[in-house]
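# A closer look at the structure
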Amino acid sequence: MRSTISLFLLLCSVIVSAQVNIIPQPVEVKQQTGVYLLKDKITVSSVLPAHNWPRLFNYLRDEMKMQFNISVTESPKGVKGDIDFFMTRMPTSGKPAYQLYVTGEGVSIKSNFDEPTFHAIQTLFQLIPLSGKKEIPFVEIFDHARFDYRGMHLDVARHFFPVSFIKRYIDYLAYHKFNTFHWHLTDDQGWRIEIKKYPKLTSVGGWRNGTIIGRYPGTGNDRKKHGGFYTQAEVKEVVKYAADRFITVIPEIEMPGHASAAIAAHPVLSCFPEGPTPIPKGTAWNGSKSGKQVQQTWGVFDDVFCAGKETTFYFLEDVLKEVMALFPSKYIHIGGDECPKTNWKKCVLCQRRMKENKLKDEHELQSYFIQRIGKYLDSNGRTLIGWDEILEGGLAPNAVVMSWRGEQGGIDAAKQKHKVIMTPGNPVYFDHSQTENEDSVTIGGFNPIEKVYAYEPIPKELNEEEAKYIMGAQANLWTEYIKNTKKVEYMLFPRMSALSEVLWSTKENRNWEDFQKRLLVQFKRYELWNTNYSKAYFDLKAKVIPSEDYDRLIWKIESRTKEKFIDFRIIEYNGVTDTIAAFDTEPTDIFTIGSTQEILVFGSNSTIKQKFFFNKATGKKITITKEPDSKYPGDGAFTLVNGVINEKGFDRSKEFIGFSGEDCEAIIDLGAKTDFKQVTVNTLTRTSSWIWPPKYADFMLSDDGINFRKPDTGIFSDIEPFMGRKTRLRWHEGSFSARYIKVFIKNWGAIPAGNPGAGSKAWLFVDEIEVE
């Protein structure tokens, strides 16, 4: 009875093949009756400027042959072709735009610049059927991009990928009308670009002796040497390849933090050159532990570039000089994020620098560092881009901010009249999982395609004038847990297609229901490209909701395939018996394990399971005095009594509700006066992600929901670790009786010095509240 995804897609493609299915959606599309047949051999003509036409023609010729097996030649001068190119003005006040017409006479492409001509070619590719005759529907299209900056990022420092794949990655950008490739070339785990003045950066810093196995802190070390780097000749090759596709490559050279690989090559760059590289507790290490080493694990490390030494700045200026010679981009990315101040606080030279420059703290010292590098770039006609931490201590003049810790950094920068590129972890970090049914190790978090498509790069907090400073947005793909090119593709698609529409199409033209129809055809294009894309879009979806009388849980399951036997399912648990409804004949296994209930459902394309932990608060009515942060809303207050206790940490962040700098106060209505002996609050601790345990917690009792009292008995057991990822707060050995329980959980507050995000608001992640 089970169908396959490929069969399903085949059926869908038959249904929609006669329609225009373009991603990203153009500004205007008018479809007419009729089709124009592209034969196996076609001709093209052009009146475009002669010096620019060859790269456009060569690209069109090569892609037509590769994708559709159509041979393309140029028409004799003055002779019309099957496809004709023209240069003309557009009604866009100078903004790049194109028009594409398909009639009985062929294809006509008009544009005001070469770049929109290239984008029109991408649109043409999507008009060509993927099977059968190459019949293009009669259509009129007018199109231009919404945002000037449309970027994709790739981290090659954590795992190295060959030039051949970098070119393939750039092709993916071109197919989706992105115009910027952000190439993250250096980090703690590897230095990936040849710098001729400092060959040790690649001979030493380009290699690590091993890599942790599994999610941090890992279950061991693979003991394999990993590394590689791009020669300057290869970098030039990539930059030209991208330029031929109208894509700018922006290099990122990390500073002042994430510098372990550079310091391993040149220890003098450290505040304490003689000290060995600190190895995080609980992580497995391979090889020598003496001296400076390239990191074998992930995270944030105290050994950063010394801000007190002139040697550091001479070195970085030398590096940037060679980088600028390779990359013609106006922008150079210098990182600037996650720089611990621990060593700077202890370093005599850093403290002297602060005193000489009248800097009040280490945050201002970082600002000094960034501003000095910014001035050097400015003097060479370039502009600095940095992550939003460069706001701390004062923003460098002319600097562009990439807002990754949510949107606030971007909002603050735009209000200060600085240009901004939005790239918040939620929802455009593509290293986060796009499926709730984890099928491989990821860094954590859950960014499904729906969230990506719904993203709006211009924050509502900005007025019309301030919004002009939002250049655009990009998605980031960090590769701590991405070791091969197939997984890169798997994490990219189909989310890249969704983001392309966010950045290219008008806000008014974005329509999730319509996009889903076009996405089904896009899946077939992925197959044409031989791309390893995720099929999480077809996963079964489940949600836990309370029953109307709050006396049991309802587990609701839906499927996008709309097949009758898995279209809609509900599983109820009433505390005594199990009731299964609307399952028809598909196999379902129910397992009872002690006091838990684990339910497993088989669908046609995926399997979904959930373990429930039942207690006296499960499924009850609950309210919270302050809503969680919009980035981590969970399922609202009900998340705390839905019977689902997080067992996988941050990678199941949807099982928590998160509060940034705020406390959590919840009131549970048990429905009637109830006797119980224990209250437990589950929370998450992951300080590397700024998620801290509660400072303290308390609870009170009430019989009317209005007047609350302290319990007369009970012992509070201090915050205790649980499963390595969580903390539990527990009151026990008491004899309690009440209908209402008010639980107060205190946020840690400001993150202490010496920790990632020091001085910033801590996150409080709260999971299930258990009453037993």
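In what follows, the accompanying structure is described. The numbers attached to residues start from 1 for each chain and follow its sequence in the written order. Since the coordinates come from a predicted model, pLDDT governs what is reported: local features require at least 70, and pairs of side-chain atoms require 80 or more to be given and counted, while whole-chain, interface and lining totals use all residues. Water and hydrogen atoms play no part in the side-chain values, which are based on all heavy atoms of the structure.

Turning to the sheet that holds strand β32 (residues 696–702), a few remarks are in order. Here the rule is simple: two strands pair whenever DSSP picks up at least two bridges between them. Counting from the N terminus, the helices are the DSSP runs of H or I reaching at least four residues and the strands are the DSSP runs of E reaching at least two. Strand order in the open sheet made by the 4 strands is β27-β30-β35-β32, with antiparallel pairing throughout. Whereas interior strands pair on both sides, the edge strands pair on one side only; in this sheet they are β27 (621–624) and β32. Across this sheet, the average inter-strand angle for adjacent strands is 25 degrees, counted without regard to direction. As judged from the 7 bridges shared by β32 and strand β35 (residues 736–746), these two strands associate in the antiparallel manner. Its bridge partner being in β35, Tyr 696 is matched across the sheet by Lys 746. Only the stretch in contact is used when fitting a helix axis, every axis being a line fitted to C-alpha atoms; angles between N-to-C directions are given from 0 to 180 degrees.

A few words on the nonpolar core. Within the largest apolar cluster, 151 residues are counted, with the highest numbers of intra-cluster contacts made by Met 64 and Trp 183. Sort the elements by how many residues they give to this core and helix α4 (residues 163–175) lands first, with 9 residues. Excluding residues that lie within four positions of it along the chain, Met 64 makes contacts with Leu 38, Ile 42, Asn 69, Ile 70, Val 72, Ile 83, Leu 124, Phe 125 and Ile 128. Within this scheme, the nonpolar core is defined by two criteria: the residues are buried Ala, Val, Leu, Ile, Met, Phe, Trp, Tyr or Cys, and they are joined through side-chain atoms within 4.5 Å. Think of it in three bands: residues with accessible area under 20% of the maximum for their type are buried, residues over 50% are exposed, and the middle band is partly exposed, with areas taken using a 1.4 Å probe on protein chains only. Among the nonpolar cores identified, the runner-up in size contains 39 residues, and Leu 553, Phe 699, Leu 701 and Leu 764 belong to it. For this analysis, residues touch if any pair of their heavy atoms sits within 4.5 Å.

Within the secondary structure, Thr 211 is located in the loop between β12 (207–208) and β13 (226–227). With 85 residues separating them along the chain, Thr 211 and Gln 296 place their C-alpha atoms 4.7 Å apart. Here Thr 211 is in contact with Gly 220, Asn 221, Asp 222, His 226, Gln 296 and Trp 298, once residues within four sequence places are set aside. Identification of polar contacts relies on pairs of N or O atoms within 3.5 Å, with a donor-acceptor requirement for protein atoms, meaning one able to donate a hydrogen and the other able to accept it, and with residues adjacent in sequence counted only if both atoms are side-chain atoms. In terms of polar contacts, Thr 211 uses its side chain to reach the side chain of Arg 208, at 2.9 Å.

The mixed open sheet is built from 7 strands, whose spatial order is β1-β7-β5-β6-β4-β2-β3. Whereas interior strands pair on both sides, the edge strands pair on one side only; in this sheet they are β1 (28–37) and β3 (71–74). Across the sheet, the mean angle separating the axes of adjacent strands is 20 degrees when strand polarity is ignored. By the bridge criterion, 3 bridges tie strand β2 (residues 41–46) to strand β4 (residues 83–87) in an arrangement that is parallel. Across the sheet, residue Ser 45 finds its bridge partner in β4, namely Asp 84. Across the face of the sheet, helix α3 (residues 114–127) comes into contact with β4, β5 (98–103), β6 (106–111) and β7 (135–143) while running at roughly 35 degrees to β5.

Further remarks concern the side chain of Ser 260. Here Ser 260 lies in helix α7 (residues 260–265). Given the relative accessible area of 5%, Ser 260 is considered buried. Leaving out residues up to four positions away in the same chain, Ser 260 has contacts with Asp 188, Gln 293, Gln 295, Phe 301 and Asp 303.

The next point concerns the side chain of Ser 433. Relative to the helices and strands, Ser 433 is located in the loop between α13 (425–428) and α14 (449–454). A polar contact of 2.6 Å, which involves the side chain of Ser 433, links it to the backbone oxygen of Thr 435. Apart from residues lying up to four places away in sequence, Ser 433 is in contact with Thr 442, Gly 444, Gly 445, Phe 446, Asn 447, Pro 448 and Arg 495.

Before going further, it helps to spend a moment on the pattern of salt bridges. Salt bridge, as applied in this entry: a Lys or Arg side-chain nitrogen positioned within 4 Å of an Asp or Glu carboxyl oxygen. Under the defined criterion, the tally for this structure stands at 34 salt bridges. Taking the shortest distance from any N to any O, the salt bridge between Arg 510 and Glu 456 comes out at 3.4 Å. Here Arg 510 is found in the loop between α17 (495–504) and α18 (512–528), whereas its partner Glu 456 is found in the loop between α14 and α15 (464–467), with 54 residues between them in sequence. The buried category is assigned to Arg 510, whose relative accessible area is 15%. One network of salt bridges, with partners in common, ties together Asp 155, Arg 158, Asp 187 and Glu 480.

Time to look at the pairing of β2. Here 4 bridges tie β2 to β3, and the two strands are oriented parallel to one another. Paired with Thr 43 across the bridge in β3 is Thr 73. Note that the unit made of β2, helix α2 (residues 53–68) and β3 has a crossover that is right-handed. A clockwise course of the path from the first strand over the helix to the second, judged with the strands pointing away from the viewer, identifies a crossover as right-handed.

What follows deals with the environment of Tyr 481. Counting through the fold element by element, Tyr 481 comes out in the loop between β19 (470–475) and α16 (485–492). A C-alpha to C-alpha distance of 5.6 Å links Tyr 481 and Thr 442, two positions 39 residues apart in sequence. For Tyr 481, the residues in contact, after removing those within four places along its chain, are Gly 214, Arg 215, Tyr 216, Trp 298, Val 441, Thr 442, Ile 443 and Lys 487. At 2.8 Å, the side chain of Tyr 481 forms a polar contact with the backbone nitrogen of Tyr 216.

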